[in-house]
Amino acid sequence: QVHFVESGGGLVQAGGSLRLSCGVSGSTFSINGMGWYRQAPGKQRKLVATINAGGTTNVADSVKDRFTISRDNAKNTAYLQMNSLKPDDTAVYYCHADFSSGPRYWGQGTQVTVSP
């Protein structure tokens, strides 16, 4: 049973920072990609940032200069440092893990709210 532990969301004023973390456990298979997508009310879920086991990242253009993704492979944990947050960043942020066995698993999501 794959289990996610997500933390770090919350309410912050525009210009502030938050750090999301996502830890994954419960599988004997290694994790290839990890990262976050986000979904604002009434909108589609969109890529924020992903990182593979080798450290290669893919970051959305809209956050590239403000967000940094990193990963601790030994802990099966990914981190998303979010700086200079904007109200448009308000969304539910969903962590995902892509296992070497194939399936993509999703965490339960964490709310990030940025006030003007």
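Check the entry above for the structure.
Keep in mind that this is a model prediction, so the values were computed, not measured. (Residues numbered from 1 in each chain as written. Predicted model: local features only at pLDDT ≥ 70, side-chain atom pairs only at ≥ 80, totals over all residues. Heavy atoms only, no water.)

Asker: I would appreciate a short explanation of the pairing of strand E4 (residues 31-39) in the present structure.
Answerer: One face of the sheet, then the other: side chains in a regular strand alternate in exactly this way. With seven of its nine residues buried, E4 lies for the most part within the structure. Pairing between E4 and strand E9 (residues 91-99): seven bridges, direction antiparallel. Bridge pairing in E9 links Arg38 to Tyr93. Sheet topology note: the E4/strand E5 (residues 46-51) ladder contains five bridges and is antiparallel. Within E5, the residue paired with Trp36 across the bridge is Ala49. Where E4 folds back on E5, the antiparallel hairpin that results is connected by six residues, among which Gly42 adopts a positive phi of roughly 75 degrees. (Buried < 20%, exposed > 50% of the residue type's maximum accessible area, 1.4 Å probe, protein only. Helix = DSSP H or I, 4+ residues; strand = E, 2+ residues; numbered from the N terminus. Pairing = 2+ DSSP bridges.)

Asker: How should I be thinking about the layout of surface pockets in this particular structure?
Answerer: Leftover empty space is mapped by rolling, across the atoms, a probe with the size of a water molecule. The computed volume of the largest pocket comes to approximately 220 Å³. Around the largest pocket, the lining comprises 14 residues; the ones closest to its centre are Arg38, Ala40, Lys43, Lys46 and Asp88. Those elements that place two or more of their residues in the lining of the largest pocket are E4 and E5. A per-element tally of the lining of the largest pocket places E5 first, with three residues. Class assignment of the residues belonging to the lining of the largest pocket gives a composition of six nonpolar, four polar and four charged. (1 Å grid on protein atoms, 1.4 Å probe; cavity = no way out; pocket = protein on both sides within 12 Å on 5 of 7 lines; lining within 4 Å. Points joined across faces, edges and corners; volume = space filled by probe spheres on them. Nonpolar A, V, L, I, M, F, W, Y, C, P; charged D, E, K, R; others polar.)

Asker: Help me understand the nonpolar core, please; the structure alone is not making it clear to me.
Answerer: A general tendency of soluble globular proteins is for nonpolar side chains to be buried together. The biggest cluster of nonpolar side chains holds 30 residues, and the ones touching the most others in it are Val24, Trp36, Val48, Phe67, Leu80, Met82 and Tyr93. Contributions of two or more residues to this core are made by strand E3 (18-25), E4, E5, strand E7 (67-72), strand E8 (77-82), E9 and strand E11 (110-115). Tallying contributions element by element places E9 first for this core, with five residues. Each residue touching Leu80, except ones within four places of it in the same chain, is listed here: Leu18, Arg19, Leu20, Trp36, Val48, Ala49, Phe67, Thr68, Ile69 and Tyr93. (Core = buried A, V, L, I, M, F, W, Y, C linked by side-chain atoms within 4.5 Å. Contact = heavy atoms within 4.5 Å.)

Asker: Would you mind showing me how to read the pattern of salt bridges here?
Answerer: Any two side chains of opposite charge can pair, on the condition that their charged atoms come close. For the structure shown, the criterion picks out four salt bridges. Residue Arg38 pairs with Asp89 through a salt bridge whose shortest N-O separation is 2.9 Å. With Arg38 in strand E4 and Asp89 in the loop between E8 and E9, the pair connects residues that are 51 residues apart, well separated along the chain. Accessibility assignment for this pair places Arg38 and Asp89 in one class, buried. Residues joined by salt bridges that share partners form a network here, namely Arg38, Arg66 and Asp89. (Salt bridge = Lys/Arg side-chain N within 4 Å of Asp/Glu carboxyl O.)

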